[in-house]
Amino acid sequence: MRLDSARILPLVLVLAALAACGTPGAERDARLPSAEERRARAFTLTEVARSDPDALFALIGGLDVDSRGRIFVADLAAPEVTVLAPDGRLERTVGRRGSGPGEFQGISSVQVLPDDSLLVFDRHRERITVFGPSLDSAAYTVNLASRGTVGARQVHRTRSGGDLVAVFTRAYSTWDDPREDASRMNVVRLLGADGALRRDSMLMVRANESLVRREGRGVASAFNPFGGQSLVRFGPGDRLYHAWTDSLGVTVYGPDGTRTSRFRVDHPAKAVDAADVEQWSGRLGSAFRPALDEAAKGGWPALDEMVVDDAGRVWLRLSGGETETREWLIFSGDGRYERSAFLPAGTVIHQVRANRVFTSVDPEEEPRIAVYALSSRWR
C-alpha cells in the first residue's frame, strides 16, 4: 500500500487550502452515473507484468517509470531503489545503506526526470540525491536540513526551471495545545534546486487527521483509517492536485499556487462496521481504541487514494472498508466523470502512462509490483 509517511504516505472539495495569490478558477459540481452504469462501462484491466520474485519489498512508498519502461521502486524499509525491467524482471538496485553520497536510510519517493536521471528522496535523512541516466553514481545531493527546511514529507522537482516543490508537516509535540489538533495545516513551499527557500506558504492544506493519545507529558499518534487525509499529487504542466478525503473532489493549482479549477461530487459517507473497528484496533493497539471509536462515528472517508495520469486525468479510489475489489473513479482535469476501473483490494495505482497502469499490491503475503493494460481506448 502506498504510504503517506510510512503506510499511507499519500480531492478536494471542502479543501481547507489557502492559495497564496490569484483568483479562484472554475468550479464544477460533477455528477456520477449509477453504480450499475459505472460497472457496465468500466475499463477491463489485464495484468501484463509482475515483479520478479527475487525483488523483495516490505513498505512500498512509490514508483516511477522512465522512457524505456523501466520501473523504479521506493521501499521505506530498504536502503536502495529497486529497478525492474518493463516485464518485471529484477534488473538492478541503486544505492546502499549509509550516510554518504548515494547511500540511504529510508527512501520515501523516487522521480524520473526528463533526461532519465533519477531523483531519490530520503525522508529520514532530509536529503535529495540525483543519479545520472547511467545510475552508476550520485551526480549530486541536496541536504534540506542544512538549508533550514526541515520536515518535508514529499518532494517533487518541477519540469520547468528545476525548482523543488515540497510538502512540509509538523510532528505532534507535548507542547501542542490539544484543542488545535483539528486545525493543523501542512505547508507547500517552493525551494530552489539547491534546497534554499524561495517561497514560503505557497499553499496551505489541512494536515491528516491522526489518532492522538496524550498521557502526562507523552504524546503518540497513529494513522486514522476513518479520518480525513490530505492527498497532494503532481501532474502535467507542474500542476498540483489536492484532495481532502472526507469529500469526493479535487482542487487544482498552477505552478505559482494559484487555484485553476475545482470539482466536487456528492457522495454520502458509508457507515463503519463494528468488525472494521475491531480489525483496526488489532492493528493499532488497544491504547488507541477510544480515539478509534470516536473517529468511526463519522463513517468512512469518501476516498483514500488519488493519482494523476500523464494526460491530467484524476483517478480517485473510493473508500469504505474491506472488499474484494475497489473502484477507481476517473475524472478529466476539469471534473467530468469519464470511466471507472476496478482492481483487487490492496492494490494502489502509482502511475498511469498511456494504456499502462503501474501498481503496488499488498496482499497477505509479500508486497509486489503489478502492471496492467487497459483493454479499451479512451473515448
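In what follows, the structure referred to is the one given above.
Residues numbered from 1 in each chain as written. Predicted model: local features only at pLDDT ≥ 70, side-chain atom pairs only at ≥ 80, totals over all residues. Heavy atoms only, no water.

1. Things to note about unusual backbone geometry
The residue D116 is not glycine, and still its phi comes out positive at about 70°. By the element assignment, D116 lies in the loop between β10 (107-112) and β11 (118-122). Its identity as a non-glycine residue notwithstanding, L135 has a phi of 65°, on the positive side. As for its position among the elements, L135 is in the loop between β12 (127-131) and β13 (138-143). Using a relative accessible area of 1% as the deciding quantity, one classes L135 as buried. (Helix = DSSP H or I, 4+ residues; strand = E, 2+ residues; numbered from the N terminus. Buried < 20%, exposed > 50% of the residue type's maximum accessible area, 1.4 Å probe, protein only.)

2. Details of the environment of D75
Mapped onto the secondary structure, D75 falls in strand β5 (residues 71-75). Put simply, D75 and L63 are 12 residues apart on the chain and 9.0 Å apart in space, counted from C-alpha to C-alpha. A polar side-chain atom of D75 sits 2.7 Å from the main-chain amide nitrogen of A58. A polar side-chain atom of D75 sits 3.0 Å from the main-chain amide nitrogen of L59. (Polar contact = N/O pair within 3.5 Å; in protein donor to acceptor, adjacent residues only side chain to side chain.)

3. Here we look at the side chain of R326
One can find R326 in strand β26 (residues 325-331). At 2.3 Å, the side chain of R326 forms a polar contact with the side chain of D304. Reaching out from R326, the side chain makes a polar contact with the backbone oxygen of L318 at a distance of 3.0 Å.

4. A short note on empty space enclosed by the protein
What the largest cavity holds in volume is close to 40 Å³. In this structure, the largest cavity is lined by L119, I128, V130, Y140, V142, R157, G162, L164 and A193. Elements that contribute at least two residues to the lining of the largest cavity include exactly β12 and β13. (1 Å grid on protein atoms, 1.4 Å probe; cavity = no way out; pocket = protein on both sides within 12 Å on 5 of 7 lines; lining within 4 Å. Points joined across faces, edges and corners; volume = space filled by probe spheres on them.)

5. Quick word on the pattern of salt bridges
Overall, the coordinates contain 27 salt bridges when judged by the stated rule. When the shortest N-O distance is used, the salt bridge between E327 and R38 registers 2.7 Å. Of the two residues, E327 sits in strand β26 while R38 sits in helix α1 (residues 35-40), which places them 289 residues apart along the sequence. By relative accessible area, E327 is classed as buried at 10%. On the basis of relative accessibility, which here comes to 8%, the residue R38 falls in the buried class. Between R189 and D200 there is a salt bridge, with its nearest N and O atoms 2.4 Å apart. Residue R189 is located in strand β16 (residues 185-191), and its partner D200 is located in strand β17 (residues 197-206); the two are separated by 11 residues in the primary sequence. Relative accessible area serves as the criterion here: at 40%, D200 is assigned to the partly exposed category. One network of salt bridges, in which partners are shared, links E27, R259 and R262. (Salt bridge = Lys/Arg side-chain N within 4 Å of Asp/Glu carboxyl O.)

6. Details of the packing of aromatic side chains
Within the structure shown, the criterion is met by 5 aromatic pairs. Geometrically, the ring pair formed by F226 and W300 is edge-to-face, given 4.9 Å between the ring centres and 80° between the ring planes. In this pair, F226 sits in the loop between β19 (218-222) and β20 (230-235) while W300 sits in the loop between α3 (289-296) and β24 (303-308), placing the two residues 74 residues apart along the sequence. The exposure class assigned to W300 is buried, which follows from its relative accessible area of 9%. By way of ring pairs, the aromatic residues F263, F331 and Y337 are connected into one cluster. The ring centre of F288 lies 5.9 Å from the NZ or CZ of R213, which sits over that ring. Cation over ring: R283 sits above W280, and NZ or CZ is 4.4 Å from the ring centre. (Phe/Tyr/Trp six-rings, centres within 6.5 Å; stacked < 30°, edge-to-face > 60°. Lys NZ or Arg CZ within 6 Å of the ring centre and 35° of its normal.)

7. Some details on the pairing of strand β28 (residues 347-353)
With respect to burial, β28 is a largely interior element, 6 of its 7 residues being buried. The antiparallel hairpin formed by β28 and strand β29 (residues 356-361) contains 2 residues in its connecting segment, where A354 sits at a positive phi of about 55°. (Pairing = 2+ DSSP bridges.)

8. Comments concerning the nonpolar core
Residues Y241, L248, V250, M306, L316, L329 and F331 are the most contacted members of the largest nonpolar core, which totals 19 residues. Secondary structure elements with two or more residues in this core: β21 (239-244), β22 (248-253), β23 (259-265), β24, β25 (314-318) and β26. Core analysis: the second largest hydrophobic core is formed by 15 residues, W328, A341, L343 and I349 among them. (Core = buried A, V, L, I, M, F, W, Y, C linked by side-chain atoms within 4.5 Å.)

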